Amino acid sequence: MSMTALMVAGFALQTVGAISQRNYAKAAADQQQRQARLERDAAMESARKTRESAEASIGKLQDDVIQAGETQKSDLERRADKERSELLAVAGDRGQMSSSSFWRQMTDLQFVTEIDKSRVNQGVNDRVDSLQADKLQIVQDQADVNSQAGLNYYQAASDAKLQRSFADARAFMQIAQAGISGGQRYRQGQMLQEIASNKE
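Residues numbered from 1 in each chain as written. Predicted model: local features only at pLDDT ≥ 70, side-chain atom pairs only at ≥ 80, totals over all residues. Heavy atoms only, no water.

### Here we look at the overall build of the chain
At step 1: Of regular secondary structure, the chain possesses two helices and zero strands.
At step 2: Here the chain has a C-alpha radius of gyration of 43 Å; the compact-globule value for 200 residues is 16 Å, and the former is much larger.
At step 3: The C-alpha extent of the chain, read off along each of the three principal axes, is 155 × 20 × 10 Å.
At step 4: For the chain, the proportion of its 200 residues judged to be buried stands at 22%. (Helix = DSSP H or I, 4+ residues; strand = E, 2+ residues; numbered from the N terminus. Rg over C-alpha atoms; globule rule 2.2 N^0.38 Å. Buried < 20%, exposed > 50% of the residue type's maximum accessible area, 1.4 Å probe, protein only.)

So, in structure tokens, the structure goes:
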């Protein structure tokens, strides 16, 4: 085999090796990016499901709080109706239906009932508002998860692009070095042949 043939074969082997290394590095970078995309998508899907579930649960709690408040107000109204009936019966038995004391008691009863119902309304509103704030926080938490997942993916994708670029640059440098080394060996071989031919 001639020196030129050996040199070309060596160059070819180095080039194939450089291209194989580049392809392997690019495949690893692609896999890293795919994995990052899967992790991002899974995190975002999990956050979406968590938000939907939590919102549904909180919505149910809000409905339950409102219903409990309505029940409490109805109970207060029934109790007030019963007390009014008892006052009417007592005042009727005593002939005091037109007395100022009777009407003051009736007015006080109505006033206390309205204050109690107002307290129930305020408690319901406070609890519903608190649950609504929880809903908003859950939405914000999902947005935070999505942002973090997007950032993680961006970083992984950028790293993968850099790895692919580095693999291309390294392969180019290895091929160029193989060409330079081959050219140097060829020149050295030529020089040695010239020296040998000059001695003869």
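### Quick word on the environment of Glu77
At step 1: Structurally, Glu77 can be placed in helix α1 (residues 3–94).
At step 2: The exposure class of Glu77 is partly exposed, given its relative accessible area of 23%.
At step 3: In this structure the C-alpha to C-alpha distance between Glu77 and Glu114, which are 37 residues apart in sequence, comes to 8.9 Å.
At step 4: With residues up to four places along the chain from it excluded, the contact list for Glu77 reads Arg84, Thr113 and Lys117. (Contact = heavy atoms within 4.5 Å.)

### So, the environment of Val112
At step 1: Checked against the element boundaries, Val112 lands in helix α2 (residues 100–199).
At step 2: Sequence separation of Val112 and Phe102 is ten residues, and the distance between their C-alpha atoms is 15 Å.

### Thoughts on the packing of aromatic side chains
At step 1: As enumerated under the stated definition, the model contains zero aromatic pairs in all.
At step 2: The positively charged end of Arg40 is found above the aromatic ring belonging to Tyr153, 4.4 Å away from the centroid. (Phe/Tyr/Trp six-rings, centres within 6.5 Å; stacked < 30°, edge-to-face > 60°. Lys NZ or Arg CZ within 6 Å of the ring centre and 35° of its normal.)

### Considering the pattern of salt bridges
At step 1: Inspection of the entire model under this criterion finds 19 salt bridges.
At step 2: Asp116 is paired through a salt bridge with Arg119; the nearest N and O atoms lie 3.3 Å apart. Here Arg119 and Asp116 lie together in helix α2, a separation of three residues that amounts to about one turn.
At step 3: Judged by its relative accessible area of 58%, Arg119 is exposed.
At step 4: Each of Glu45, Arg48, Lys49, Arg51, Glu52 and Glu55 takes part in one network of salt bridges that share partners. (Salt bridge = Lys/Arg side-chain N within 4 Å of Asp/Glu carboxyl O.)

### Examining the side chain of Gln33
At step 1: The residue Gln33 is located in helix α1 in this model.
At step 2: Judged by its relative accessible area of 14%, Gln33 is buried.
At step 3: Setting aside its immediate chain neighbours within four residues, Gln33 contacts Tyr153, Ala157, Ala160 and Arg164.

### Thoughts on the side chain of Arg84
At step 1: Positionally, Arg84 belongs in helix α1.
At step 2: Residues in contact with Arg84, not counting those within four places in the same chain, are Glu77, Met106, Leu109 and Gln110.

### Quick notes on the environment of Met97
At step 1: With respect to the helices and strands, the residue Met97 is situated in the loop between α1 and α2.
At step 2: The spatial distance from the C-alpha of Met97 to the C-alpha of Arg40 is 76 Å, given a sequence separation of 57 residues.
At step 3: Discounting residues that sit within four places of it in the chain, Met97 has contacts with Leu88, Ala91, Gly92, Phe102 and Trp103.

Interpretation in functional terms is not warranted from these geometric data alone.
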